[in-house]
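Per-entry structural report
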2 protein chains.
Amino acid sequence: MRLLIVEDEPRMATALQRGLIAEGFTVEVALNGPDGLHLARENSYDAIVCDIMLPGLSGYRIIEALRAEQNWVPVLVLSAKDGEYDEADALDLGADDYLVKPFSFVVLLARLRAVLRRGVRPRPAILACGDLTLDPAARAVRRGNVEIELTPREFSLLEYLMRRAGDAVSKADILHHVWDAHYEGDANVIEVYVGYLRRKIDQPFNRHAVQTVRGAGYRLAVDGG
Amino acid sequence: MRLLIVEDEPRMATALQRGLIAEGFTVEVALNGPDGLHLARENSYDAIVCDIMLPGLSGYRIIEALRAEQNWVPVLVLSAKDGEYDEADALDLGADDYLVKPFSFVVLLARLRAVLRRGVRPRPAILACGDLTLDPAARAVRRGNVEIELTPREFSLLEYLMRRAGDAVSKADILHHVWDAHYEGDANVIEVYVGYLRRKIDQPFNRHAVQTVRGAGYRLAVDGG
DNA sequence: CCTCGACGATCAGCAGACGCATGGTGGGAG
DNA sequence: CTCCCACCATGCGTCTGCTGATCGTCGAGG
């Protein structure tokens, strides 16, 4: 397992490096932001351990840049900040975990292993199908650069369909995940809401973004219609 | 997005439920370990938020049981313990994240979103015979790159034949698997539906993709006709 | 090679299921 | 009170699944 540590404080960097090497990892170290981003771009690591406060380029920007380039390497953030919004921001930018200094080495190890176990699947913080995008954290939907206003129900429905983009999703599934497990009403609500959604997210002269799969349910076009 | 909360303290459970519902999630609650495990087994959640100290069955055991059954639903653990080894244990058992009480709701949300990003996606499983492909998850059939629209019955018939491509499949088998085990009607339906299929999936100037084996049934050509 | 019977293919038609639009109701927030 | 959101009910047009009848084809035996 090959790791990159991005940490500007030399003593911390060295301590981490020693500890992780002792645990059997292959470890490289960058002492500032730009170097860290450069190394992360040029090499393929199994995970990155990254400080937030870095000279030259903050940890936030590094994660943002990597994710924008479709680089889904797991990133574990270290930070002296313990504000809840700092943590939430880092995670919503695409970090995989967040540890507040001072932290225990055992915990770091466990979290590192948890993050490594998940591997490098694409897990964008913002869902996209063609030029249709949905940001779960900001609860925002856009077609290109145009923001689309959705009601809460419409939003949940679209989010669920986008997380399963390309799959045919049955109405029972939709009812369970977007409405409620013991929802008793008519499945007709789904049809109504798909109708609402289409009016808002479809573009003229294109096919529906939400396709009907007769007898099976609905499918969100991977290219967003 | 459908969540399960397993938490024995009623006030905490209710608070979480309210907050998460307000964020647009579909939420169910279990107030003890056995109920939680039961619900997790019977239903399909997008994520589980699980306390560790539970009456009847600890959170550890729940995760362990689910993972042993190949259930990889993302689990976010909550705990009042702050011993570092507890945390390491939970993560190594297959939890996906860990929060120590008291925690910030904003952070819980962000971590939940991070955990939801990866989802559970065993993708491939696309059946192919020559350039004829069938994707059961997407409920899509194509000849080359051209999408072919099939009705539900046509689709299940083709799926069954493709899963047994190259075999001669008897009409009794087809009736059992595509129709119903105790279907009483005329076996002529099969002939009718094979006809429908051929019209849609055969290419001109080629032999039938679904070949007739006189007196025995039908066989799907391995090369797709 | 021809005949005949059994098996398979095709067709038209119908009943019911399905999906969609629309307008209406009710309840909660401001 | 007003607005908006979630949901319900109705009606319509289309599609699907199936039936029953007819037509075509294969192949064994003479």
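Below is a summary of the structure that appears in this document. Small disclaimer: the values here were computed from a predicted structure and weren't measured.

**Quick word on the overall build of chain A**
- When its secondary structure is counted, chain A shows 8 helices and 12 strands.
- Taken along its principal axes, the extent of the C-alpha atoms in chain A is 60 × 35 × 30 Å.
- Every one of the 225 residues in chain A was classed for burial, and the buried ones make up 51%.
- For chain A, restricting intrachain contacts to residue pairs at least 6 apart in sequence, the fraction spanning at least 24 positions comes to 55%.
- Surface exposure of chain A reaches about 10,300 Å², of which carbon and sulfur atoms provide 52%.
- Seen as two clouds, the 27 positive and the 33 negative side-chain charges of chain A have centres 5 Å apart.

**Side note on the environment of Val210(A)**
- Mapped onto the fold, Val210(A) is located in strand 11 (residues 210-213).
- Here the alpha-carbon distance between Val210(A) and Met162(A), two residues 48 residues apart in the chain, equals 9.7 Å.

**Some points on the protein's contact with DNA strand D**
- Taken together, 24 residues are adjacent to DNA strand D, and Thr151(A), Arg153(A), Tyr183(A), Thr151(B) and Trp179(B) come closest.
- Counting only the atoms of DNA strand D within 4 Å of the protein, the fraction contributed by sugar and phosphate is 70%.
- Here Trp179(A) contributes a side-chain N or O atom positioned 2.8 Å from a phosphate oxygen of DNA strand D.
- A distance of 3.3 Å is found between a sugar or linking oxygen of DNA strand D and a side-chain nitrogen or oxygen belonging to Tyr193(B).
- Listed by contribution, the elements that provide at least two residues to the surface near DNA strand D are helix 6 (152-163) and helix 8 (188-201) of chain A together with helix 6 (152-163) and helix 8 (188-201) of chain B.
- Counted by class, the surface near DNA strand D contains 14 nonpolar, 5 polar and 5 charged residues.

**Remarks on the interface of chain A and chain B**
- In this complex, chain A contributes 47 residues to the contact, which on the side of chain B involves 37 residues.
- Of the roughly 3,600 Å² buried between chain A and chain B, counting both surfaces, carbon and sulfur atoms make up 47%.
- Across the contact surface, chain A and chain B share 6 salt bridges.
- The partner of Asp92(A) in a salt bridge is Arg113(B), with the nearest N and O atoms 2.9 Å apart.
- Taken together, chain A and chain B are joined by 17 residue pairs in polar contact (both at pLDDT 80 or more).
- Of all the secondary structure elements, the ones that give two or more residues to the side of chain A that touches chain B are helix 4 (84-93), strand 5 (97-100), helix 5 (105-118), helix 6 and helix 7 (171-179) of chain A.
- If you tally residues by element for the side of chain A that touches chain B, the top one is helix 5 of chain A, at 8 residues.

**Points about helix 3 (residues 59-68) of chain A**
All names here are of chain A.
- For helix 3, the tally of buried residues reaches 7 of 10 residues, placing the bulk of the element in the interior.
- The set of residues buried in helix 3 consists of Gly59, Tyr60, Ile62, Ile63, Ala65, Leu66 and Arg67.
- On the buried face of helix 3, the contacting elements are strand 1 (2-6), helix 2 (33-42), strand 3 (47-51), strand 4 (75-79) and helix 4.
- Within two residues after helix 3, Gln70 carries a phi angle of roughly 65 degrees, on the positive side.

Rules used in this analysis
Throughout, a residue's number is its position along its own chain's written sequence, starting from 1. Each chain is given a letter, starting from A, and each ligand a number, starting from 1, according to the order in which they appear as written. pLDDT decides what is reported in this predicted model: residues at 70 or higher carry local features, side-chain atom pairs at 80 or more are listed and counted, and totals for whole chains, interfaces and linings draw on all residues regardless. The side-chain figures draw on all heavy atoms in the structure; neither hydrogens nor water molecules are used. Helix numbering and strand numbering both begin at the N terminus, where a helix is a DSSP run of H or I of at least 4 residues and a strand a DSSP run of E of at least 2. Each residue is assigned to one of three classes by its accessible area relative to the maximum for its type, calculated with a 1.4 Å probe on protein chains only: buried under 20%, partly exposed between the two thresholds, exposed over 50%. Residue contacts are defined here by distance: any two heavy atoms, one from each residue, within 4.5 Å place the two residues in contact. Under the convention used here, a 1.4 Å probe and the Shrake-Rupley method define accessible areas, while residue burial counts only the protein chains that appear. His residues and chain termini do not enter the charge count, which takes Lys and Arg as positive and Asp and Glu as negative. The atoms used to mark charge sites are NZ of Lys, CZ of Arg, CG of Asp and CD of Glu. For this purpose, a residue is taken to be near a molecule or strand whenever a single non-hydrogen atom of the residue falls within 4 Å of it. What qualifies as a polar contact is a pair of N or O atoms within 3.5 Å, subject to a donor-acceptor requirement within protein and to the restriction that residues adjacent in sequence count only when both atoms come from side chains. Residues are grouped as follows: Ala, Val, Leu, Ile, Met, Phe, Trp, Tyr, Cys and Pro are nonpolar; Asp, Glu, Lys and Arg are charged; every other residue, Gly included, is polar. Here the quantity called buried area is the total loss of accessible area, with a 1.4 Å probe, experienced by two parts when brought into contact, counted for both. Take a side-chain nitrogen of Lys or Arg and a carboxyl oxygen of Asp or Glu: if they are within 4 Å of each other, that pair is a salt bridge.

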